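In case you want the letters, here they are:
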Amino acid sequence: MPRQPLWLRCEKKEFERRAALTPTTAKKLIDAGFDIYVERDPQRIFDDEEYEKVGCTLVEHNSWPSAPVTTPIIGLKELPASSDPLPHTHIQFAHCYKNQAGWASVLGRFARGGGTLYDLEFLTDESGRRVAAFGYHAGFAGAAAGALALAAQKGGKKLGRLEPYENEAAMVADVKEKLGGSGKGVKALVIGALGRCGRGAVDLLRKVGLDEDDILKWDMAETAKGGPFQEILDVDIFVNCIYLSSPIPPFLTEEFIQAAGPSRRVACVVDVSCDTTNPHNPIPIYSINTTFSEPTVDVLVGGTPANPPLTVVSIDHLPTLLPREASEQFSSDLLPSLLQLPQRDTARVWTDAKKLFQEKLALAVEAESTAQ
Ligand SMILES: NC(=O)c1ccc[n+]([C@@H]2O[C@H](COP(=O)([O-])OP(=O)(O)OC[C@H]3O[C@@H](n4cnc5c(N)ncnc54)[C@H](O)[C@@H]3O)[C@@H](O)[C@H]2O)c1
């Protein structure tokens, strides 16, 4: 059997330190008959040498356009905007299948170049569940941001800029320190606790020292009675991790917060789900996505900041705060599918993704020709 080439490209998105392929998974692929090419990338959390050590071939930064067209290119985030045709096979998140801004021009590049897109968001198992997702570390990092916001607010401050942590242990240590040595005494509620993000949030809260009884874990059964929920007002941190698939009564509203007055305990809401602009957002108490440089937004009640303060963390790329572990988990979940890459013309996970690509491509070609 000829060896299967695979090319890990650099990431061009600012602050993105994660990688779709880690040295650990690269080694497993090499052992299984792959030749792995890795673009040098100072931005990546893994050093170039870590890849070289396991047998990858290092290549120039951003040199994938000159790779042989038969070599699939793997990356994480979208490519910088351009109109250049794409002749290669790309495995990445492209964010162009749900009518996102510019979707047709992204796909148009594949139409003109004859390349194929396998979108990582749409690689699914037999039951339709994604084979690899970043949820766990989104929840983990989100809960950490919530705890940090709480600690800052207790000291009369606003949470300042967040920076990616070298690893999970460093994040846990920092949160514990800011909470005064331990999270003991802090109370939290996680909704969507049985999902990927929810499990990560619960784990962070445990690791920073909250008592098990002080971590309320809700999922479908507990919210079935319909919100808004008094229980959210009675904790320090509320972490929302649900997967919103249909309209539901809101979990929290401005009126509900106002009616509670100063007896309210909740000080920080972390909306990991980030359905910020969704008309059915179950937490309609804020309207923007927050950022690493300004991680919280004040909740306003009657046009003025709520008293006592209540903030929302609504960062939509939380796993970036834990680039190493988030990459390791994602990449190892992706590995079984990558091992089937040489059989991508027959292996279901790849043929399904290609079929979806072809459907979206046809729509994009139609949209572009109508626009002309
Ligand atoms: N902010 C970020 O950086 C980030 C990163 C990754 C994922 N996400 C988002 O987080 C959300 C959750 O992702 P996931 O991978 O954990 O999904 P998941 O499907 O693994 O888990 C969702 C959980 O929510 C529960 N749920 C759904 N509706 C509910 C309701 N009405 N009441 C209570 N529980 C309910 C489900 O039963 C499930 O346990 C998604 O919207 C995803 O896009 C955000």
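Residues numbered from 1 in each chain as written. Predicted model: local features only at pLDDT ≥ 70, side-chain atom pairs only at ≥ 80, totals over all residues. Heavy atoms only, no water.

1. Some remarks on the site of the ligand
As a structural note, the neighbourhood of the ligand is formed by 22 residues, with Cys 197, Asp 219, Thr 223, Val 272 and Leu 318 the closest of them. Contact distances for the ligand include 2.9 Å between a nitrogen atom and a backbone N or O atom of Val 272. Between an oxygen atom of the ligand and a main-chain N or O atom of Leu 318, the distance comes to 2.9 Å. Protein coverage of the free-state accessible area of the ligand, which is 870 Å², stands at 80%. (Near = heavy atom within 4 Å. Polar contact = N/O pair within 3.5 Å; in protein donor to acceptor, adjacent residues only side chain to side chain. Areas by Shrake-Rupley, 256 points an atom, 1.4 Å probe, with all protein chains shown as cover.)

2. Quick look at the sheet that holds strand E8 (residues 215-218)
Spatial strand order, E8-E7-E9-E10-E14-E11: six strands in an open sheet with mixed pairing. Where the open sheet ends on each side, the last strands, each with one partner, are E8 and strand E11 (297-298). The pairing of strand E7 (residues 188-191) with strand E9 (residues 237-240) spans four bridges and is parallel. Each residue of the ladder has a partner; that of Val 190, found in E9, is Val 239. Docked against the sheet, helix H4 (residues 135-154) engages E9, strand E10 (268-271) and strand E14 (311-313), running at close to 160° with respect to E10. (Pairing = 2+ DSSP bridges. Helix = DSSP H or I, 4+ residues; strand = E, 2+ residues; numbered from the N terminus. Contact = heavy atoms within 4.5 Å. Axes fitted to C-alpha atoms, helices over the stretch in contact; angles between N-to-C directions.)

3. Regarding the sheet that holds strand E2 (residues 34-39)
Spatial ordering of the open sheet is given by E3-E2-E1-E4-E5-E6, a layout of six strands whose pairing is parallel. Both edges of this open sheet fall to strand E3 (57-59) and strand E6 (116-119), since each of them pairs with a single strand only. As paired elements, strand E1 (residues 4-8) and strand E4 (residues 73-74) share two bridges and run parallel to each other. By the bridge assignment for E4, Leu 8 is matched with Ile 74.

4. A word on the layout of surface pockets
The calculated volume of the second largest pocket comes to roughly 300 Å³. The residue inventory of the lining of the second largest pocket, partitioned by class, reads 10 nonpolar, six polar and two charged. (1 Å grid on protein atoms, 1.4 Å probe; cavity = no way out; pocket = protein on both sides within 12 Å on 5 of 7 lines; lining within 4 Å. Points joined across faces, edges and corners; volume = space filled by probe spheres on them. Nonpolar A, V, L, I, M, F, W, Y, C, P; charged D, E, K, R; others polar.)

5. What to know about the domain arrangement of the protein chain
Its domain assignment divides the protein chain into domain 1 (4-132 + 322-371) and domain 2 (135-321). Once you take the C-alpha centre of each, domain 1 and domain 2 turn out to be 32 Å apart. Listed as interface residues are 13 residues of domain 1 and, on the opposing side, 15 residues of domain 2. The largest per-residue losses of area from domain 1 upon contact with domain 2 belong to Phe 15, Leu 322 and Glu 325, which jointly make up 45% of the total buried on that side. The interface formed by domain 1 and domain 2 includes zero salt bridges. Counting across the interface, domain 1 meets domain 2 through four residue pairs in polar contact (both at pLDDT 80 or more). Across the side of domain 1 that touches domain 2, the residue classes break down as five nonpolar, one polar and seven charged. (Domains from an automatic or database assignment. Buried area = accessible area lost by both parts, 1.4 Å probe. Salt bridge = Lys/Arg side-chain N within 4 Å of Asp/Glu carboxyl O.)

6. Section: the pairing of E2
Taken together, the five bridges between E1 and E2 define a ladder with parallel strand orientation. When the sheet's bridge partners are listed, Leu 8 is paired in E2 with Val 38. After leaving E1, the chain enters helix H1 (residues 23-31) and then returns to the sheet as E2, a path that is right-handed. Of the strand pairs in this sheet, E2 and E3 are connected by three bridges, and their pairing is parallel. When the sheet's bridge partners are listed, Glu 39 is paired in E3 with Val 59. Since E2 and E3 lie parallel, the crossover through helix H2 (residues 48-53) that links them has a hand, and here it is right-handed. (Right-handed = clockwise from strand over helix to strand, strands pointing away.)

7. Examining the side chain of His 137
Positionally, His 137 belongs in helix H4. Those residues within four positions of His 137 in sequence are excluded, and the remaining contacts are Glu 168, Pro 319, Leu 322, Glu 325, Ala 326 and Gln 329.

8. Section: the pairing of E6
Covered by surrounding structure in E6 are Thr 116 and Tyr 118 together with Leu 117 and Asp 119, the residues of both alternating faces. Where strand E5 (residues 89-92) and E6 come together, four bridges link them in parallel fashion. Among the inter-strand pairings, Ile 91 is bridged to a residue of E6, identified as Tyr 118. For the crossover from E5 across helix H3 (residues 103-113) to E6, the handedness is right-handed. (Buried < 20%, exposed > 50% of the residue type's maximum accessible area, 1.4 Å probe, protein only.)

9. Quick notes on the packing of H4 against helix H6 (residues 196-207)
As a packed pair, H4 and H6 sit with axes 6 Å apart at the nearest point and diverge in direction by 40°. As the angle between them shows, H4 and H6 are arranged oblique. The chirality of how H4 crosses H6 is right-handed. Taking contact as the criterion, the partners of Gly 135, Tyr 136, Ala 138, Gly 139, Phe 140, Ala 143 and Ala 144 in H4 are, on H6, Arg 196, Cys 197, Arg 199, Gly 200, Ala 201, Asp 203, Leu 204, Leu 205 and Lys 207. (Parallel < 35°, antiparallel > 145°, perpendicular 65-115°, else oblique. Left-handed = near helix turned anticlockwise from the far one by under 90°.)

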